[in-house]
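Descriptive structure summary
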Amino acid sequence: MDTKKLILRTKFVDRMCHWTMVACFFLVAMSGLSWFFPSLSWMNGVLGTPQLARMLHPFLGTVVFVLLICMFFRFVHHNMPVRTDVTWFRNIVDVLMNKHTKPLKIGKYNAGQKILFWCIMALISALFATGVVAWRPYFAGYFPIPAIRLALLAHSLAGLGLILLVIGHIYMGIWVRGSVTGMLTGYVSRAWAKQHHDRWYEEEVAPSKDTPAKHHS
């Protein structure tokens, strides 16, 4: 790996947290969809028998929640709104067309990624809270039946919303060439950083260009 042309964008611990969460979320989403849509009942086979799937679903969901909370504290300082986010919104068409004709003053994450970050955190919190209410045999007994029914409805809607957000996240990751590789290896090229996250490059990467592959938070 030619570290002179590459920048460490995502540390190993963050990548491991991300991909472990992805694996658990895939299993939880598959089993959840199988109960929401009867025609997809075959999906709960990813967790074994239907009984085993119902037992493992909330535990794996809790793992997803815990990992996302860890990621929240790791990345929240990069996802706070800043004034230059407005520039990204004003040029949203060019962004979607993958055109980079003008500097957009984008930090480590762009405005769209920030919105995704906060929406995912809100939905996973809702999923965890509603999931606890409906979690048999541990917690459901403490709540009245109407509350459990409402929790199940809210849980299902939040789950569908999160799945749609994740699909959008995957699509955009594939659309912006180099993003998936960056999350697998942790490294992106200097050209990629300058093109897609110019303010991050100028503030954190360019000043240390004489120190190849420096770790950036």
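Predicted model only: the values in this text are computed from it and were never measured. (Residues numbered from 1 in each chain as written. Predicted model: local features only at pLDDT ≥ 70, side-chain atom pairs only at ≥ 80, totals over all residues. Heavy atoms only, no water.)

This paragraph deals with the UniProt feature "transmembrane region" (unreviewed entry) in the protein. Per the UniProt record, the feature "transmembrane region" (unreviewed entry) sits at residues 21-43, 55-76, 115-135 and 147-167. Note that residues 115-135 is 90% helix and 0% strand, and that its end C-alpha atoms are spaced 30 Å apart. The annotated region residues 147-167 carries 100% helix and 0% strand content, and the separation between its end C-alpha atoms amounts to 30 Å. (UniProt positions renumbered as here; feature names shortened; annotations may be inferred. Helix = DSSP H or I, 4+ residues; strand = E, 2+ residues; numbered from the N terminus.)

This paragraph deals with the layout of surface pockets. Gaps left between atoms show up when a probe the size of a water molecule is rolled over them. If you add up the space inside the second largest pocket, you get close to 960 Å³. Lining of the second largest pocket is provided by 37 residues; of these, Trp35, His57, Gly131, Leu152 and His155 occupy positions nearest its centre. Of all elements in the fold, only helix H1 (12-36), helix H2 (50-75), helix H5 (111-133) and helix H6 (145-175) reach the threshold of two or more residues within the lining of the second largest pocket. At 11 residues, the largest contribution of residues to the lining of the second largest pocket is made by H6. (1 Å grid on protein atoms, 1.4 Å probe; cavity = no way out; pocket = protein on both sides within 12 Å on 5 of 7 lines; lining within 4 Å. Points joined across faces, edges and corners; volume = space filled by probe spheres on them.)

It is worth spelling out the environment of Val180 at this point. Structurally, Val180 is set in helix H7 (residues 179-185). By relative accessible area, which is 36% here, Val180 ends up partly exposed. Residues Val180 and Ile170 lie 10 residues apart in sequence; the distance between their C-alpha atoms is 8.7 Å. The residues touching Val180, leaving out its near neighbours within four places in the chain, are Gly173 and Ile174. (Buried < 20%, exposed > 50% of the residue type's maximum accessible area, 1.4 Å probe, protein only. Contact = heavy atoms within 4.5 Å.)

Feature annotation in UniProt places "domain: Cytochrome b561 bacterial/Ni-hydrogenase" (unreviewed entry) on residues 15-186, given in this structure's numbering. Across residues 15-186, helical content stands at 70% and strand content at 0%; the span's end C-alpha atoms are separated by 7 Å.

Counting residues in hydrophobic clusters, the biggest one holds 30 residues, and the most contacted among them are Met21, Phe25, Val64, Leu68 and Ile124. Elements that contribute at least two residues to this core include exactly H1, H2, H5 and H6. Sort the elements by how many residues they give to this core and H2 lands first, with nine residues. Ignoring any residue separated from it by four or fewer positions in sequence, one finds Met21 in contact with Val64, Leu67, Leu68 and Met71. Among the nonpolar cores identified, the runner-up in size contains eight residues, and Val176, Ala193, Trp200 and Tyr201 belong to it. (Core = buried A, V, L, I, M, F, W, Y, C linked by side-chain atoms within 4.5 Å.)

A full pass over the atoms with the stated rule returns one cavity of 30 Å³ or more. Of the voids in this model, the largest cavity is the one considered here, and its volume is about 40 Å³. As for the largest cavity, its lining consists of Asn91, Asp94, Lys99, His100, Thr101, Lys102 and Leu104. Residue composition of the lining of the largest cavity, grouped by class: one nonpolar, three polar and three charged. (Nonpolar A, V, L, I, M, F, W, Y, C, P; charged D, E, K, R; others polar.)

All right, on to the side chain of His197 then. For His197, the position within the fold is in the loop between helix H8 (190-196) and helix H9 (198-205). Accessibility expressed as a relative area gives 3% for His197, which makes it buried. A distance of 3.0 Å separates a polar side-chain atom of His197 from the backbone oxygen of Lys108. With near-sequence residues (within four places) excluded, His197 lies in contact with Arg9, Ile106, Gly107, Lys108, Tyr109, Asn110, Gln113 and Trp192. (Polar contact = N/O pair within 3.5 Å; in protein donor to acceptor, adjacent residues only side chain to side chain.)

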